[in-house]
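An overview of the molecular structure
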Amino acid sequence: MKFPSIQFAYIFYLLILFQLPSISNAAQDVENIFSSANHNYKMGNFEFAASEYEKLIYQGYKGTSLFYNLGNSYFRLGKLGKAILNYEKALKLSPGVEDVLHNLAFVNLKTVDKIETLPKFFLFQWWENLIGLFTVNGWSFVILGIFLLILTCIVVYFFTKKIEFQKASFLTGLFLSLIFLFTASILTINLNREMNWKFGIVMTTKVIAKTSPDNQSKDNFLIHEGLKVKIEDELEDWYKIKLPDGKIGWVIKGELEII
């Protein structure tokens, strides 16, 4: 398992430090807390390191490195559910980070439940991989880049005096417009998923999923700490969950944490 030290991005805070001296002390506090957490992690004080990282999250800070390091701390403490939860949060911000994927896969090997995912047609899998290539912000930047290229083509088309350049800019602009529409559809799907799709991680050692949101209802299946489930619905104190193999059941909300 990899445990490299990923440096926290302070650029934003440093800019604020120079422009708004009144909040420079707060920025310094954030730096001190993160440095303290990293130092204690290296010294093996994982409980204290985790509490320092949690302190930053409680203050509203988010970051791939922050969640990644917190996940590492919880793994060292034997808290698989919290470790997986924070790795998943790191991937939600930055899909495809190799170190996070590696550690998440490693910790998942230590969970009890080994549920096989329902097989997908290869085109659906390819589509899912494409959508998950970037976050919403990432796809927004891609669309912005394409839009600027289209504008460049328009400028060239109207201001050039050479017919060849006009033809080339027209065809390139037309092609980029199609790509623009395609990426815009991907962004729309990502936005819709971010607003409507919820996943959770099982936090307790064992959870019995019921057939309905009622303690007196029949037991449906048993799941364990660290399992990732999809939240299909909720009713009062219950979540309706769906497992990767398609099973559906109801669990008490306190037994999961939302990613």
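See the structure above.
In this report, the structure presented in the accompanying data block is examined. (Residues numbered from 1 in each chain as written. Predicted model: local features only at pLDDT ≥ 70, side-chain atom pairs only at ≥ 80, totals over all residues. Heavy atoms only, no water.)

So, about the pairing of strand β5 (residues 238-242). Where strand β4 (residues 228-235) meets β5, 5 bridges bridge the pair, whose relative direction is antiparallel. Bridging across to β5, Ile 231 finds its partner in Ile 241. Hairpin connection, β4 to β5: the antiparallel pair is bridged by 2 residues, and Glu 236 has positive phi, about 50°. Two strands pair when backbone bridges link them, and β5 and strand β6 (residues 248-252) are joined in this way by 5 bridges, in the antiparallel orientation. Directly across from Tyr 239, in β6, lies its bridge partner Val 251. (Pairing = 2+ DSSP bridges. Helix = DSSP H or I, 4+ residues; strand = E, 2+ residues; numbered from the N terminus.)

Within the secondary structure, Thr 160 sits in the loop between α8 (136-159) and α9 (163-196). Taking the relative accessible area as the measure of exposure, Thr 160 reaches 18% and is therefore buried. A distance of 3.4 Å separates the side chain of Thr 160 from the backbone nitrogen of Lys 162, its partner in a polar contact. Residues in contact with Thr 160, not counting those within four places in the same chain, are Phe 165 and Gln 166. (Buried < 20%, exposed > 50% of the residue type's maximum accessible area, 1.4 Å probe, protein only. Polar contact = N/O pair within 3.5 Å; in protein donor to acceptor, adjacent residues only side chain to side chain. Contact = heavy atoms within 4.5 Å.)

Moving on: the nonpolar core. If you look at the biggest cluster of nonpolar residues, it comprises 30 residues, and the most contacted ones within it are Tyr 53, Leu 56 and Tyr 87. Listing elements by their share of this core, those giving two or more residues are α2 (24-42), α3 (46-58), α4 (64-76), α5 (80-93) and α6 (98-108). Per-element tally for this core: the top contributor is α5, with 7 residues. Within the second largest apolar cluster, 13 residues are counted, among which are Val 202, Val 207, Phe 221 and Leu 243. (Core = buried A, V, L, I, M, F, W, Y, C linked by side-chain atoms within 4.5 Å.)

Right, let's talk about unusual backbone geometry for a bit. The residue Glu 236 is not glycine, and still its phi comes out positive at about 50°. Tracing the backbone through its elements, the reader meets Glu 236 in the loop between β4 and β5.

Turning to the pattern of salt bridges, a few remarks are in order. Using the criterion set out here, one finds 8 salt bridges in the structure. Residues Glu 52 and Lys 55 are paired through a salt bridge, measuring 2.8 Å at the closest nitrogen-oxygen approach. Of the two residues, Glu 52 and Lys 55 both sit in helix α3, 3 residues apart, roughly one turn of that helix. For Glu 52, a relative accessible area of 7% gives the class buried. One salt bridge connects Lys 82 with Glu 257, and the closest N-O pair in it is separated by 3.6 Å. Taken together, the positions of Lys 82 in helix α5 and Glu 257 in strand β7 (residues 256-258) put the pair 175 residues apart, joining distant regions of the chain. For Lys 82, a relative accessible area of 27% translates into the label partly exposed. Here the salt bridges do not stand alone but share partners, grouping Lys 198, Glu 234 and Lys 253 into one network. (Salt bridge = Lys/Arg side-chain N within 4 Å of Asp/Glu carboxyl O.)

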